[in-house]
Amino acid sequence: AILCDYQLGDTTAIDWLPDFVRANHGPVLVTTSCGSEQVAVGAFRHGASDYLNKTSAITDPSYLAHSLKECLRRHRLAQTVTELSAELRKANRQLEYRNTQLRATTKSAHDFVDDVAHDLRTPLAVIKEFASIVSDGLSGPVTKEQIEHLGYIDRATEQMTAMIDDFLDSAKLRAGMLRLDRSPITRIELYNEIAPFAETRASAEGVAIACSIPATLPCVFVDPYKAERILTNLLGNAIKFSPEGSGVTISAEQAEDCWVRISIRDEGPGVPPEQLE
């Protein structure tokens, strides 16, 4: 610690304090026997750790000892805070650097997925078209078994196309460009669009599909294409995780505030409670 008398010939401790504080040898205590509150305020403003009455310090050693110990304690705490702040700034810089790298990597991954999704649509369309040509017998006679196998190819291309649409919608969501084209549609019309896929998939898995949609329900105002995809995904999952011989039920009911709630229920293992959120 540095003890500095306030009056130093033609100068005062205020003139020396900046150099002492900058040297950072330890806390600086200003002492004087004829000071005032204004002098004390000036000393603290220029970096003094404490302001001591010289007479009390000479006549009462315990006063000086206590003041020195307290100043050293505060000085060590201040140094610790400074070191921790420096470490925190360094850690924040490293974190920002890693976040920048992560954002760049994520963007590259999204761009890659978007490019691949776009590029896959053309060959899928070709596969679907030629499977249809062969199935219709336009390129020669086909057997019943071959038609069935071509049907598998056709359904697989539809599933792959739906996955690609999911990728593209994800990109539009990130860009804030996903639009909804809503129109009035009945629930039965909505289900009829997905029924062939659901019933074919369920039949292959040995699962029964039941539809419970009252005819009295009002029309719904939705984007039919996206609503069909949502129901297709939910039904696909329900069928996939249902044991053979069980059933999947799709139902609809009038909900509050003029909404219609469409539900899909299966007999599979369900989602663990801790994963529901």
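In case you missed it, the structure is sitting above this.
Presented here is an overview of the structure given in this document. All values derive from a computational prediction rather than experimental measurement. (Residues numbered from 1 in each chain as written. Predicted model: local features only at pLDDT ≥ 70, side-chain atom pairs only at ≥ 80, totals over all residues. Heavy atoms only, no water.)

Observations concerning the overall build of the protein
Phase 1: Helix and strand counts for the protein come out as seven helices and ten strands.
Phase 2: Compactness check: the protein gives a C-alpha radius of gyration of 39 Å against a globular reference of 19 Å for 277 residues, more than 25% above the reference.
Phase 3: Taken along the three principal axes of its C-alpha coordinates, the protein extends 115 × 45 × 35 Å.
Phase 4: Considering the protein as a whole, with its 277 residues, one finds that 25% of them fall into the buried category. (Helix = DSSP H or I, 4+ residues; strand = E, 2+ residues; numbered from the N terminus. Rg over C-alpha atoms; globule rule 2.2 N^0.38 Å. Buried < 20%, exposed > 50% of the residue type's maximum accessible area, 1.4 Å probe, protein only.)

Comments concerning the pairing of strand β10 (residues 260–265)
Phase 1: The sheet contact formed by strand β9 (residues 247–254) and β10 spans six bridges and is antiparallel. Across the sheet, the residue bridging to Ser251 is Ser263, located in β10.
Phase 2: Taking the residues between adjacent antiparallel strands as the criterion, β9 and β10 are bridged by five residues, where Asp257 takes a positive phi near 55°. (Pairing = 2+ DSSP bridges.)

Observations concerning the packing of helix α5 (residues 144–175) against helix α7 (residues 224–240)
Phase 1: Close contact between α5 and α7 brings their axes to 12 Å; oriented N to C, the two are set at 120°. Taken together, the axes of α5 and α7 lie oblique to each other. Where α5 crosses over α7, the handedness of that crossing is left-handed. Listed contacts from α7 to Ala162, Asp165, Asp166 and Asp169 of α5 are Tyr225, Lys226, Arg229 and Asn233.
Phase 2: Partitioned by chemical class, the residues of the contact of α5 with α7 number two nonpolar, one polar and five charged. (Axes fitted to C-alpha atoms, helices over the stretch in contact; angles between N-to-C directions. Parallel < 35°, antiparallel > 145°, perpendicular 65-115°, else oblique. Left-handed = near helix turned anticlockwise from the far one by under 90°. Contact = heavy atoms within 4.5 Å. Nonpolar A, V, L, I, M, F, W, Y, C, P; charged D, E, K, R; others polar.)

Section: the sheet that holds β9
Note on sheets: strands pair through backbone hydrogen bonds, and any given pair is parallel or antiparallel.
Phase 1: Pairing is mixed in the open sheet, where three strands are placed in the order β7-β9-β10. On the outer flanks of this sheet lie β7 (208–212) and β10, each paired with one strand and no other. Each strand axis lies, on average, 10° off the axis of its neighbour in the sheet, ignoring direction.
Phase 2: On top of the sheet, helix α6 (residues 187–205) reaches β7, β9 and β10; it is set at about 170° to β7, its chief contact.
Phase 3: Most of the contacts of α7 go to β10, to which it runs at about 25°, and overall it touches β7, β9 and β10.

Re the state of the cysteines
Phase 1: Applying the stated criterion across every chain yields a total of zero disulfides.
Phase 2: Considering cysteine sulfurs only, Cys71 is the nearest to Cys4, which forms no disulfide, with 13 Å between them.
Phase 3: Cys211 takes part in no disulfide bond, and the closest cysteine sulfur, belonging to Cys219, lies 15 Å away.
Phase 4: Judged by relative accessible area, Cys211 falls into the partly exposed class, the value being 37%. (Disulfide = S-S within 2.5 Å.)

Considerations on helix α1 (residues 13–23)
Along an α-helix, residues three or four positions apart point the same way, because every turn accommodates 3.6 residues.
Phase 1: Taken as a whole, α1 has its buried residues at Ala13, Ile14 and Leu17. Viewed along the axis of α1, the buried residues span an arc of 80°, placing them on a single side of the element.
Phase 2: Lining the buried residues of α1 we find β1 (2–5), β2 (7–8), β3 (11–12), β4 (28–32) and α2 (37–45).
Phase 3: Of the residues trailing α1, Asn24 is marked for its positive phi of about 55°. (Arc of directions from axis to C-beta.)

Here's the deal with the packing of aromatic side chains
Phase 1: Tallied over the full model, the rule gives one aromatic pair.
Phase 2: Between Trp16 and Phe20 the ring centres are 6.2 Å apart and the planes differ by 20°, which places this aromatic pair in the stacked class. Of this pair, Trp16 and Phe20 both sit in helix α1, separated by four residues, roughly a single helical turn. (Phe/Tyr/Trp six-rings, centres within 6.5 Å; stacked < 30°, edge-to-face > 60°.)

Quick notes on the packing of α6 against α7
Packed helix pairs are specified by the crossing angle of their axes together with the interaxial distance, meaning the distance between the axes.
Phase 1: Two elements in contact, α6 and α7, have axes separated by 10 Å at closest approach and are oriented at 20°. When the axis of α6 is compared with that of α7, the two are roughly parallel. Along this stretch, α6 crosses α7, giving a crossing that reads as right-handed. Taking contact as the criterion, the partners of Leu190, Glu193, Ile194, Phe197, Ala198, Arg201, Ala202 and Glu205 in α6 are, on α7, Pro224, Ala227, Glu228, Leu231, Thr232, Leu235, Gly236, Ile239 and Lys240.

Some remarks on the pattern of salt bridges
Phase 1: Under the definition given, this model contains eleven salt bridges.
Phase 2: Arg22 is the partner of Asp19 in a salt bridge, and the nearest nitrogen-oxygen pair spans 2.6 Å. In this pair, Asp19 and Arg22 both sit in helix α1, three residues apart, roughly one turn of the helix.
Phase 3: On the basis of relative accessibility, which here comes to 42%, the residue Asp19 falls in the partly exposed class.
Phase 4: By relative accessible area, Arg22 is classed as exposed at 60%.
Phase 5: Shared partners join several salt bridges into a network, and the residues in it are Glu70, Arg73 and Arg74. (Salt bridge = Lys/Arg side-chain N within 4 Å of Asp/Glu carboxyl O.)

Side note on the side chain of Thr157
Phase 1: Inspection of the secondary structure puts Thr157 in helix α5.
Phase 2: Here the side chain of Thr157 touches Asp154 through a polar contact of 2.6 Å, landing on its backbone oxygen.
Phase 3: Once residues lying within four places of it in the same chain are set aside, the contact partners of Thr157 are Leu124, Ile127 and Lys128. (Polar contact = N/O pair within 3.5 Å; in protein donor to acceptor, adjacent residues only side chain to side chain.)

The analysis is restricted to geometry; functional conclusions fall outside its scope.
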